[in-house]
Amino acid sequence: MLIKNVPSWHLPERAATPEAIYLNRRSLIGALAAGSALAASGPFAAAARAEDGQAVPDPSLGRYPATRNDAYLLDRPVTPKDAVWDYNNFYEFGTSKSISRRAAALQPRPWTVTVDGLVDRPTRFEIDDLFAKVQFEERLYRHRCVEAWSMAVPWTGFPLKALLDLVGPQADARYVRFETFMDPAVAPLQEQPFYPWPYVEGMTLAEAANDLAFLVTGIYGQPLAAQFGTPLRLALPWKYGFKSIKSIVKVTLTDERPVNFWQAIGPSEYGFWANVNPNVDHPRWSQASERVLATGERVPTLLFNGYAEAVADLYKGLGAEPLYM
Ligand SMILES: Nc1nc2c(c(=O)[nH]1)N[C@H]1C(S)=C(S)[C@@H](COP(=O)(O)O)O[C@H]1N2
Ligand SMILES: [Mo]
């Protein structure tokens, strides 16, 4: 076990903190978050800041709220916005969950997303030009963090497949590699040499082309607040949350399997596939159940986070691969 290579703070919270203390801290955080959520929900919520510091309206604001796609339903209530607004994993801004204030330094415009590698039409998209080429929709998705907490949120965005269609994957492309922005002046943790910055994620091209793979632009009917990965992040709801990379600047189609951020840090604990499976424990904790944000309720975790029908076929014949870590 390469356990000594894994930072001790990447623990499920109930292992790190006695539940009672933890719950108290949460109600305090909840009270603080309520204030910041209000401040962040005006018309300039995800706005960029002009040179003089003035907020300028987000050009995509008129796309919200997008029409909900009723093909994606939940088996549980939507998590109230207040419970998730200041409860994030975004290590670029710190290792605690309460990073929304610091993440506000991240400006969503100007923003470009470069799509390159094994594609017919490599393209550097200005984010609003990309948004203009796709249809936005809202989907209710579950989200299951490898740390054993979960939420259910309305994401706005478009299928990852729509981006792939714009660039035309070539026949020898097998994987899609995603990269987060790199700017230590904005994200102080990127100064820390321990971490293999920038954050990288990847999946097979077949996974990326699956209907469920969703490029997210918004949450709760408005553009993504910075802490959720403005202005573009992934949602792969059948996989552990770390696969859902935030604030994407680069997408590369390749014939080489990408090594993702967490795999580079702790290969015995975090893998490439990271499909949710209650029967395959993390080396240091059980994955059998999860703590639901807001209610604190503990519910059984479902195979592929409840999305088996949509994705199980992707893994036929791959039984020898470590599909669940
Ligand atoms: N760039 C980047 N993306 C990231 C992370 C991160 O630290 N940096 N954390 C991941 C993890 S572990 C989870 S659970 C989700 C959390 O998303 P949320 O904060 O919107 O709930 O983002 C994922 N994407
Ligand atoms: Mo996570």
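The coordinates are above.
These numbers come from a predicted model, not from an experiment. (Residues numbered from 1 in each chain as written. Chains lettered and ligands numbered in written order. Predicted model: local features only at pLDDT ≥ 70, side-chain atom pairs only at ≥ 80, totals over all residues. Heavy atoms only, no water.)

Colleague: Help me out: how do you make sense of empty space enclosed by the protein in this one?
Modeller: The gaps of empty space that remain are located by a probe, the size of a water molecule, rolled over the atoms. All told, the structure shown has 5 cavities of 30 Å³ or more when counted by the stated rule. Taken as a whole, the largest cavity encloses approximately 300 Å³ of empty space. Lining the largest cavity are 23 residues, and of these Asn89, Gly241, Phe242, Ser244 and Lys246 sit closest to its centre. Of all the elements, strand E6 (residues 149-159) adds the most residues to the lining of the largest cavity, at 3 residues. (1 Å grid on protein atoms, 1.4 Å probe; cavity = no way out; pocket = protein on both sides within 12 Å on 5 of 7 lines; lining within 4 Å. Points joined across faces, edges and corners; volume = space filled by probe spheres on them. Helix = DSSP H or I, 4+ residues; strand = E, 2+ residues; numbered from the N terminus.)

Colleague: What should I look at first to understand the environment of asparagine 275 in this one?
Modeller: Locating asparagine 275 in the fold gives a position in the loop between helix H8 (261-265) and strand E13 (289-292). Judged by relative accessible area, asparagine 275 falls into the buried class, the value being 0%. For the pair asparagine 275 and tryptophan 238, spaced 37 residues apart in sequence, the C-alpha separation works out to 6.1 Å. The contact partners of asparagine 275, leaving out residues within four places of it in the chain, are Glu207, Trp238, Lys239, Tyr240, Phe304, Tyr315, Leu323 and Tyr324. Within the structure, asparagine 275 has its side chain in polar contact with the side chain of lysine 239 (distance 3.1 Å). (Buried < 20%, exposed > 50% of the residue type's maximum accessible area, 1.4 Å probe, protein only. Contact = heavy atoms within 4.5 Å. Polar contact = N/O pair within 3.5 Å; in protein donor to acceptor, adjacent residues only side chain to side chain.)

Colleague: Just checking my understanding: could you explain the site of ligand 1 for this structure?
Modeller: Lining the immediate environment of ligand 1, one finds 18 residues, of which Asn88, Tyr91, Glu92, Ser244 and Lys246 sit closest. At a separation of 2.9 Å, an oxygen atom of ligand 1 approaches a polar side-chain atom of asparagine 88. A distance of 3.0 Å separates a nitrogen atom of ligand 1 from a polar side-chain atom of threonine 180. Out of a free accessible area of 530 Å², ligand 1 has 100% covered by protein chains. When each cavity is represented as a set of grid points, ligand 1 is found to reside in the largest cavity. Here the shell around ligand 1 is built from residues that sort into 9 nonpolar, 6 polar and 3 charged. (Near = heavy atom within 4 Å. Areas by Shrake-Rupley, 256 points an atom, 1.4 Å probe, with all protein chains shown as cover. Sits in = over half its atoms within 2 Å of the grid points. Nonpolar A, V, L, I, M, F, W, Y, C, P; charged D, E, K, R; others polar.)

Colleague: Would you explain the side chain of lysine 246 in this entry?
Modeller: Of note, lysine 246 is situated in the loop between strand E11 (233-235) and strand E12 (248-254). An unpaired buried charge is present at lysine 246: no salt bridge exists, and glutamate 92, the closest side chain of opposite charge, is 7.5 Å distant. In this structure the side chain of lysine 246 is engaged in a polar contact, spanning 2.8 Å, whose partner is the backbone oxygen of asparagine 89. Within the structure, the side chain of lysine 246 is placed 2.9 Å from the backbone oxygen of glutamine 227, a separation counted as a polar contact. (Lys, Arg positive; Asp, Glu negative; His and termini not counted. Salt bridge = Lys/Arg side-chain N within 4 Å of Asp/Glu carboxyl O.)

Colleague: Help me understand the pattern of salt bridges, please; the structure alone is not making it clear to me.
Modeller: Side chains that differ in sign of charge can pair as their charged atoms come close. Under the definition given, this model contains 17 salt bridges. Between glutamate 138 and arginine 68 there is a salt bridge, and its shortest N-O distance comes to 2.9 Å. Residue glutamate 138 is found in strand E5 (residues 137-144), and its partner arginine 68 is found in the loop between strand E2 (55-56) and helix H3 (81-84); the two are separated by 70 residues along the sequence. A relative accessible area of 39% places arginine 68 in the partly exposed class. Residue lysine 161 pairs with aspartate 165 through a salt bridge whose shortest N-O separation is 3.1 Å. Highlighted residues: lysine 161 and aspartate 165, both in helix H6 (residues 160-167), separated by 4 residues, approximately one helical turn. Residue aspartate 165 is classed as partly exposed on the basis of its relative accessible area, which comes to 46%.

Colleague: Sorry, what's going on with H6 here?
Modeller: Structural remark: α-helix, 3.6 residues per turn; residues separated by three or four positions point the same way. Every buried residue of H6 is accounted for by Leu160, Leu163, Leu164 and Val167. Looking down the long axis of H6, one finds its buried residues gathered within 100 degrees of arc, a one-sided arrangement. After H6 finishes, the residue glycine 168 shows a positive phi value of roughly 70 degrees. (Arc of directions from axis to C-beta.)

Colleague: Any chance you could explain the environment of arginine 233 here in plain terms?
Modeller: Position of arginine 233 relative to the elements: it lies in strand E11. Judged by its relative accessible area of 3%, arginine 233 is buried. Those residues in contact with arginine 233 that lie beyond four places of it in its chain are His143, Trp155, Phe214, Leu215, Val216, Leu224, Phe228, Ser244, Ile245, Lys246, Ser247 and Ile248. A polar side-chain atom of arginine 233 sits 2.8 Å from the main-chain carbonyl oxygen of phenylalanine 228.

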